[in-house]
Amino acid sequence: MTVSPARWPYLDNLRTLLVAGIIAGHGVLGYSGEFGWTYQGYRETSLAGLTQTVVLAVVGPFAVFLIALLFLISGLLTPGSLQRKGTGAYVRDRVLRLGVPWAVFALLVFPTLVHWLDRGIRHSRATWWQDMRRLVPTLDTGPLWFLPVLLLFSFGYAVWWRTAATSPRTRRGGAPTGRTVALLVAGVAGGTFVVRLWLGLDTNQIAGLQVWQWPECAGLFALGTVASGHGWLVSVPSGIRRGTGQAVVAGVLVAIAVIIAVGPTRITGTDLAGGWNLPALGVAALEATLTVCGPIWLLAKAQARLHFNGPQWRRAGRGAYTAYLLQAPVLLGLAVLLRPVPVAAEVKALVVAVGGVLLCFDVGSLLVRRTRLGRHL
């Protein structure tokens, strides 16, 4: 049975915390030299090497599976949405909710932000059109890269739902087991290794689509669509919960050891980032363990602990998606305002991270409650 997400406040609370973590992480990344964020190329100061190592060691292993968790949640909610709306309405909703914001951001918002930064900081005299044409990657959308990817997966599932599946039982598939999770880890590891033979970790693809991350995204989305029909929106099976928790602990410890050993600025552009070599295979296996087991474990934790339903949490949950859409202009604006302030990069990163989360959620909640955007976002 597929359960309406409106009955489960934990899911909105989980998404709220997830979006807040991503926004805060991008705020800090603006002052670092690893895993690109737009402000890195314009930063006036940088985090100390020790700070970067500590932040990456403490936060990095968990940050790895945040986007994968978004795809798991989307997969869990997709079958129910298709049942309620029908294929046509579901596809139109996905285009409006995912495709339109991405197109507006890619064709207008992000080029304008880069043009503004170039003129104000680098004193460029290039026109808006010239700045847009030389964006690397072309049609860059920064943190919104996952919107067209999720739209593609949603379209694919909708087509399968309508044409390949002939009964609700076929659509649900068999219940996921511990063996299913283990096979998924292996499949994601293999897919990641193969993709990164050509498209290495943190490399640029057109529209910034991060194809090097697609195997985990596809795997978690597919798992969610299957698990949705077997009660995972209510409770992750206890055996899978324990097994994934143990795998996450082991994976995090290994990831921390790797980060400390290689340093925070020696990952991209090395054998670890991809290629026909053992380090790349090891990174793919470690990443697959975290990106498959981590989201499942977090989902189970949320089901046990995040059932509070106060008005502030309801408002935050309602505006979480809009907050995510707003993060680039908000974070870049805060960073630019702080440029002349003579304080350490660590202080600026903290202010941008915390201030960005608060502003994004406040403005996002206001837009959802007071404008027509609330009907669609």
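Structure report, in brief. (Residues numbered from 1 in each chain as written. Predicted model: local features only at pLDDT ≥ 70, side-chain atom pairs only at ≥ 80, totals over all residues. Heavy atoms only, no water.)

**Details of the overall build of the protein**
Thinking step 1. Scanning the protein for helices and strands turns up 14 helices and zero strands.
Thinking step 2. Helices and strands appear in the protein in the N-to-C order α-α-α-α-α-α-α-α-α-α-α-α-α-α.
Thinking step 3. The C-alpha radius of gyration computed for the protein amounts to 21 Å, which stays within 12% of the reference 21 Å derived for 377 residues, consistent with globular compactness.
Thinking step 4. Principal axes of the C-alpha set define a box for the protein whose edges measure 60 × 50 × 40 Å.
Thinking step 5. Intrachain contacts of the protein at a sequence separation of at least 6 include 82% that bridge at least 24 residues.
Thinking step 6. Accessible area for the protein stands at about 17300 Å²; split by element, carbon and sulfur atoms hold 65% of it. (Helix = DSSP H or I, 4+ residues; strand = E, 2+ residues; numbered from the N terminus. Rg over C-alpha atoms; globule rule 2.2 N^0.38 Å. Contact = heavy atoms within 4.5 Å. Areas by Shrake-Rupley, 256 points an atom, 1.4 Å probe, with all protein chains shown as cover.)

**Considering a positive patch on the surface**
Thinking step 1. Residues Arg 241, Arg 242, Lys 301 and Arg 305 make up a contiguous surface patch of positive charge.
Thinking step 2. At the level of secondary structure, the elements contributing two or more residues to the positive patch comprise helix H10 (238–262) and helix H11 (278–305).
Thinking step 3. Looking at the element boundaries, Arg 241 is found in helix H10.
Thinking step 4. A residue is classified by how much of its surface remains accessible, and Arg 241, at 33% relative accessible area, is partly exposed. (Patch = residues over 30% accessible without salt bridge, like charges linked within 9 Å, V, L, I, M, F, W, Y side chains within 5 Å. Salt bridge = Lys/Arg side-chain N within 4 Å of Asp/Glu carboxyl O. Lys, Arg positive; Asp, Glu negative; His and termini not counted. Charge placed at Lys NZ, Arg CZ, Asp CG, Glu CD. Buried < 20%, exposed > 50% of the residue type's maximum accessible area, 1.4 Å probe, protein only.)

**Quick look at the environment of Ile 240**
Thinking step 1. Looking at the secondary structure, you find Ile 240 in helix H10.
Thinking step 2. Given a relative accessible area of 7%, Ile 240 falls into the buried group.
Thinking step 3. In the structure, Ile 240 is positioned 115 residues away from Gly 355 in sequence and 37 Å away in space, judged by C-alpha atoms.
Thinking step 4. Residues in contact with Ile 240, not counting those within four places in the same chain, are Pro 176, Thr 177, Gly 178, Val 181, Trp 232 and Ile 296.

**Remarks on the packing of aromatic side chains**
A ring pair, where both rings are aromatic, is described by two values, the distance of the centres and the angle of the planes.
Thinking step 1. Applying the stated criterion to the full structure yields 12 aromatic pairs.
Thinking step 2. Measuring from centroid to centroid gives 6.0 Å for Tyr 157 and Trp 161, while their planes differ by 45°, and the two rings are tilted. One end of the pair, Tyr 157, and the other, Trp 161, are both in helix H6 (residues 146–163), four residues apart, so they sit about a helical turn from each other.
Thinking step 3. Relative accessible area serves as the criterion here: at 7%, Trp 161 is assigned to the buried category.
Thinking step 4. Arranged with centres 5.6 Å apart and planes meeting at 50°, the rings of Phe 193 and Trp 276 form a pair that is tilted. Here Phe 193, found in helix H8 (residues 178–195), pairs with Trp 276, found in the loop between H10 and H11; they are 83 residues apart in sequence, far enough to count as distant.
Thinking step 5. You can call Phe 193 buried: its relative accessible area is 12%.
Thinking step 6. Trp 276 sits in the exposed class, given a relative accessible area of 74%.
Thinking step 7. Here the aromatic residues Phe 71, Phe 146, Phe 153, Tyr 157, Trp 160, Trp 161, Trp 214, Phe 221 and Tyr 324 are joined through ring pairs into a cluster of three or more. (Phe/Tyr/Trp six-rings, centres within 6.5 Å; stacked < 30°, edge-to-face > 60°.)

**Regarding the side chain of Gln 210**
Thinking step 1. In this structure, Gln 210 sits in the loop between H8 and helix H9 (214–227).
Thinking step 2. For Gln 210, a relative accessible area of 19% puts it in the buried group.
Thinking step 3. A polar contact is formed between the side chain of Gln 210 and the side chain of Gln 213, at a distance of 2.7 Å. (Polar contact = N/O pair within 3.5 Å; in protein donor to acceptor, adjacent residues only side chain to side chain.)

**Things to note about the environment of Leu 151**
Thinking step 1. Turning to its location among the elements, Leu 151 is positioned in helix H6.
Thinking step 2. Relative accessible area serves as the criterion here: at 13%, Leu 151 is assigned to the buried category.
Thinking step 3. Put simply, Leu 151 and Arg 94 are 57 residues apart on the chain and 6.5 Å apart in space, counted from C-alpha to C-alpha.

**Quick word on the packing of H8 against H11**
Thinking step 1. Between H8 and H11, the least distance of the axes is 8 Å, while the angle of their chain directions is 140°. Overall, the two elements H8 and H11 adopt an arrangement that is oblique. As for the relative orientation of H8 and H11, their crossing is right-handed in sense. Here H8 contributes Val 181, Leu 184, Val 185, Val 188, Ala 189, Thr 192 and Phe 193 to the contact with H11, which in turn contributes Ala 280, Leu 281, Ala 284, Ala 285, Ala 288, Thr 289, Thr 291, Val 292, Cys 293 and Ile 296.
Thinking step 2. Of the residues belonging to the contact of H8 with H11, the class tally is 14 nonpolar, three polar and no charged. (Axes fitted to C-alpha atoms, helices over the stretch in contact; angles between N-to-C directions. Parallel < 35°, antiparallel > 145°, perpendicular 65-115°, else oblique. Left-handed = near helix turned anticlockwise from the far one by under 90°. Nonpolar A, V, L, I, M, F, W, Y, C, P; charged D, E, K, R; others polar.)

**Let's talk about unusual backbone geometry**
Trans is the common state for peptide bonds, and a negative phi is the common state for residues other than glycine.
Thinking step 1. Unusually for a residue other than glycine, His 123 sits at a positive phi of about 55°.
Thinking step 2. Structurally, His 123 can be placed in the loop between helix H4 (87–121) and helix H5 (128–133).
Thinking step 3. Of note, the phi angle at Asp 202 is positive, near 65°, even though the residue is not glycine.
Thinking step 4. Secondary-structure assignment places Asp 202 in the loop between H8 and H9.
Thinking step 5. Residue Asp 202 is classed as partly exposed on the basis of its relative accessible area, which comes to 29%.

**A look at the side chain of Ser 154**
Thinking step 1. If you trace the backbone, Ser 154 turns up in helix H6.
Thinking step 2. On the basis of relative accessible area, Ser 154 is assigned to the buried category, the value being 1%.
Thinking step 3. Side-chain polar atoms of Ser 154 contact the backbone oxygen of Leu 150, separated by 2.8 Å.
Thinking step 4. Not counting residues up to four positions away in its chain, the partners in contact with Ser 154 are Tyr 90, Arg 94 and Phe 221.

Coordinates in, geometry out; function isn't part of it.
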